[in-house]
Amino acid sequence: MKRTDLIPVLLLLPVLGFVAVQVVETRTITAPAQAGFVAPAVRSHAKRVARNEVENTGTVVDGNAVAANATDAAAARDVGDIRRRIVLGETGTYIGEILSERDSALARWPDRMVQPVRVWVGSSPAIPGWDPTYPESVRNAFDQWTSLGIPVRFTFVRDSTDADVHVSWIDHFDSPISGKTIWARDGKWWIVTGNITLALHHNEGELLDAKAVHAIALHEVGHLLGLDHTADTANIMTARVRVRDLSEADRATMKLLYSLPPGSVK
Ligand SMILES: [Zn+2]
């Protein structure tokens, strides 16, 4: 447990003009960041997400449709009103840190209560250290976030080809990271697809235990839903994960994010 401290790398890559991809890597702090190793992986994953965007046009249309159909579409971009709502709701949250990390823009999934986000969680019994309970542990991480009452539901699908979100496993990353989340958004900052990769071992070979894997899954699903990091290490979304469960601030920040329209509040 002593080596589950994590450091993030955030990169924002424009793709296809109207879609942006965000890569979040969860790093151990036992080795320095090696930017030279990160770039190839980022490009590789960015390409994969971009291809999903092209193939999975239904998801993109769905995201746009929600924004276009919103009866308060005009109010949704009333930046002054959104700022007031942030000020009213930000006590006990780290929404301010997210806004400063993301250049004053919020990203989140559109309302997916009727059409749940389809999540495929892979199994990798061939990887040494694999625990057959891990897929359920990951599903539990998704459910912990949605149990907060946000307007997003997840459904877990067997076929990866029609999934909106893929969760895959890796023995270890070649760079000193333990988890990675990539999501793509449309031009209105609605998140439309994502990929999570979780490692079973630290970069240097030490096995991550089941509690650490679950905590990293909670952290990565937080990213997938639109959260960024907070400095307070009592939260699951701190850059250096030290806790194993969602904190009150984690819960409050997620609820506030999903009470607001996405996009810039500059
Ligand atoms: Zn992170």
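Structure's up top.
Presented here is a report on the structure given in the accompanying data block. Please read these numbers as outputs of a predicted model, since none were measured by experiment.

Criteria and cut-off values
Position labels on residues start from 1 in each chain and follow its written sequence. Local features in this predicted model are restricted to residues whose pLDDT is 70 or higher, and side-chain atom pairs enter the listing and the counts only when it is 80 or higher, whereas totals over whole chains, interfaces and linings include all residues. Working from all heavy atoms in the structure, the side-chain values ignore hydrogens and water. Runs of H or I in DSSP of at least four residues are treated as helices and runs of E of at least two as strands, each being numbered from the N terminus. Residue contacts follow a heavy-atom distance rule, with two residues in contact if any of their heavy atoms lie within 4.5 Å. The Shrake-Rupley method, run with a 1.4 Å probe sphere, supplies the accessible areas, and residue values consider only the shown protein chains as cover. Note on ring pairs: Phe, Tyr and Trp rings are taken, using the six-membered ring of Trp, and paired if centres are within 6.5 Å. Classes follow the plane angle, with under 30 degrees stacked, over 60 edge-to-face and the rest tilted. Burial classification: accessible surface area is computed with a 1.4 Å probe over protein chains only, and a residue below 20% of its type maximum counts as buried, one above 50% as exposed, and the rest as partly exposed. For a lysine, the NZ atom is tested; for an arginine, the CZ atom; a charge sits over a ring if that atom is within 6 Å of the ring centre and within 35 degrees of the ring normal. Read the arc as the range of directions from the helix axis to the C-beta atoms. As a rule, N, O and S atoms within 2.8 Å of a metal are its donors, except that Na, K and Ca use 3.2 Å; water is not among the atoms, so sites may look incomplete. Under this definition, polar contacts are N or O atom pairs within 3.5 Å; protein pairs additionally need one hydrogen-donor-capable and one acceptor-capable atom, and for neighbouring residues in sequence, both atoms have to be side-chain atoms. By definition here, a helix of n residues has an expected span of 1.5 Å times n minus one. To form a nonpolar core, buried Ala, Val, Leu, Ile, Met, Phe, Trp, Tyr and Cys residues must be joined to one another through side-chain atoms within 4.5 Å. What counts as an axis is a line fitted to C-alpha atoms, over the stretch in contact for a helix, and the angles between N-to-C directions run from 0 to 180 degrees. When an angle is under 35 degrees it counts as roughly parallel; over 145 it counts as roughly antiparallel; between 65 and 115 it counts as roughly perpendicular; any other value is oblique. In a left-handed crossing the near helix is turned counterclockwise from the far helix by less than a right angle, and in a right-handed crossing that turn is clockwise. Polarity classes work like this: nonpolar for Ala, Val, Leu, Ile, Met, Phe, Trp, Tyr, Cys and Pro, charged for Asp, Glu, Lys and Arg, and polar for all others, with Gly in that last group.

1. Section: the overall build of the protein chain
Okay, step 1: Tallying secondary structure elements over the protein chain gives 8 helices and 9 strands in all.
Okay, step 2: A fraction of 74% describes how many contacts in the protein chain between residues 6 or more apart in sequence connect residues 24 or more apart.
Okay, step 3: Within the structure as shown, the protein chain displays about 11,400 Å² of accessible surface, and the carbon and sulfur contribution to it stands at 55%.

2. As for the packing of aromatic side chains
Given two aromatic rings, one states the distance between the centres and the angle between the planes to describe the pair.
Okay, step 1: Per the counting criterion, the structure on display carries 5 aromatic pairs.
Okay, step 2: Between W130 and Y134, the ring centres sit 5.7 Å apart and the planes meet at 85 degrees, which makes this aromatic pair edge-to-face. Each member of the pair, W130 together with Y134, is buried.
Okay, step 3: Judged by centre distance (5.6 Å) and plane angle (20 degrees), the ring pair of Y134 and W169 falls under stacked. Of the two residues, Y134 sits in helix α6 (residues 134-146) while W169 sits in strand β6 (residues 165-170), which places them 35 residues apart along the sequence.
Okay, step 4: By the ring-pair criterion, three or more aromatic residues cluster together here, those being W130, Y134 and W169.
Okay, step 5: The ring of W189 is capped by R185, whose NZ or CZ atom sits 3.5 Å from the centre of that ring.

3. A few points about helix α8 (residues 248-257)
Okay, step 1: Every buried residue of α8 is accounted for by A249, D250, T253, M254, L256 and L257. Each buried residue of α8 lies within a common arc of 165 degrees when the element is viewed along its axis, so the set occupies one face.
Okay, step 2: In this fold, the buried residues of α8 make contact with α4 (79-89), α5 (95-101), β3 (105-106), α6 and α7 (210-224).

4. Here's the deal with the coordination of the zinc ion
Okay, step 1: Those protein atoms acting as donors to the zinc ion are H219 (NE2), H223 (NE2) and H229 (NE2), and they sit at 2.0 to 2.1 Å.
Okay, step 2: Each donor residue of the zinc ion lies on one chain, and together they are spaced H-x3-H-x5-H. Of this pair, H219 and H223 both sit in helix α7, separated by 4 residues, roughly a single helical turn.
Okay, step 3: Residue classification places H223 among the buried residues on the basis of a relative accessible area of 0%.

5. Remarks on the environment of H166
Okay, step 1: Tracing the backbone through its elements, the reader meets H166 in strand β6.
Okay, step 2: Taking the C-alpha atoms as reference points, H166 and I182, 16 residues apart in sequence, are found 10.0 Å from one another.
Okay, step 3: Within the local environment of H166, its side chain forms a polar contact with the backbone oxygen of S160, the two atoms lying 2.7 Å apart.

6. Let's talk about the side chain of R102
Okay, step 1: Its location among the elements puts R102 in the loop between α5 and β3.
Okay, step 2: Ignoring sequence-local partners within four residues, the contact set of R102 consists of Q22, A107, W183, W189, G226, L227 and D228.

7. Considerations on α7
Okay, step 1: In this model, α7 (15 residues) spans 21 Å end to end at C-alpha, consistent with the 21 Å of a helix rising 1.5 Å per residue.
Okay, step 2: Burial of α7 is extensive: 13 of the 15 residues sit out of reach of the surface.

8. Here we look at the nonpolar core
If you look at soluble globular proteins, the nonpolar side chains tend to sit buried side by side.
Okay, step 1: Core analysis: the largest hydrophobic core is formed by 55 residues, its most contacted members being W109, F142, W145, W169, L225 and M254.
Okay, step 2: Sort the elements by how many residues they give to this core and α7 lands first, with 8 residues.
Okay, step 3: With 5 residues, the next largest nonpolar core counts V21, V23, A184 and V192 among its residues.

9. Some thoughts on the packing of α6 against α7
Okay, step 1: Put simply, α6 and α7 touch, their axes get as near as 9 Å, and they point 45 degrees apart. Of the possible angle classes, the one that applies to α6 and α7 is oblique. Note on packing geometry: the crossing formed by α6 with α7 is right-handed. Facing Y134, S137, V138, N140, A141, F142, Q144 and W145 of α6, the residues of α7 in contact are A210, V213, H214, A217, L218, V221, G222 and L224.
Okay, step 2: A class-by-class count of the residues in the contact of α6 with α7 yields 11 nonpolar, 5 polar and no charged.

That's the geometry; what it means functionally is another story.
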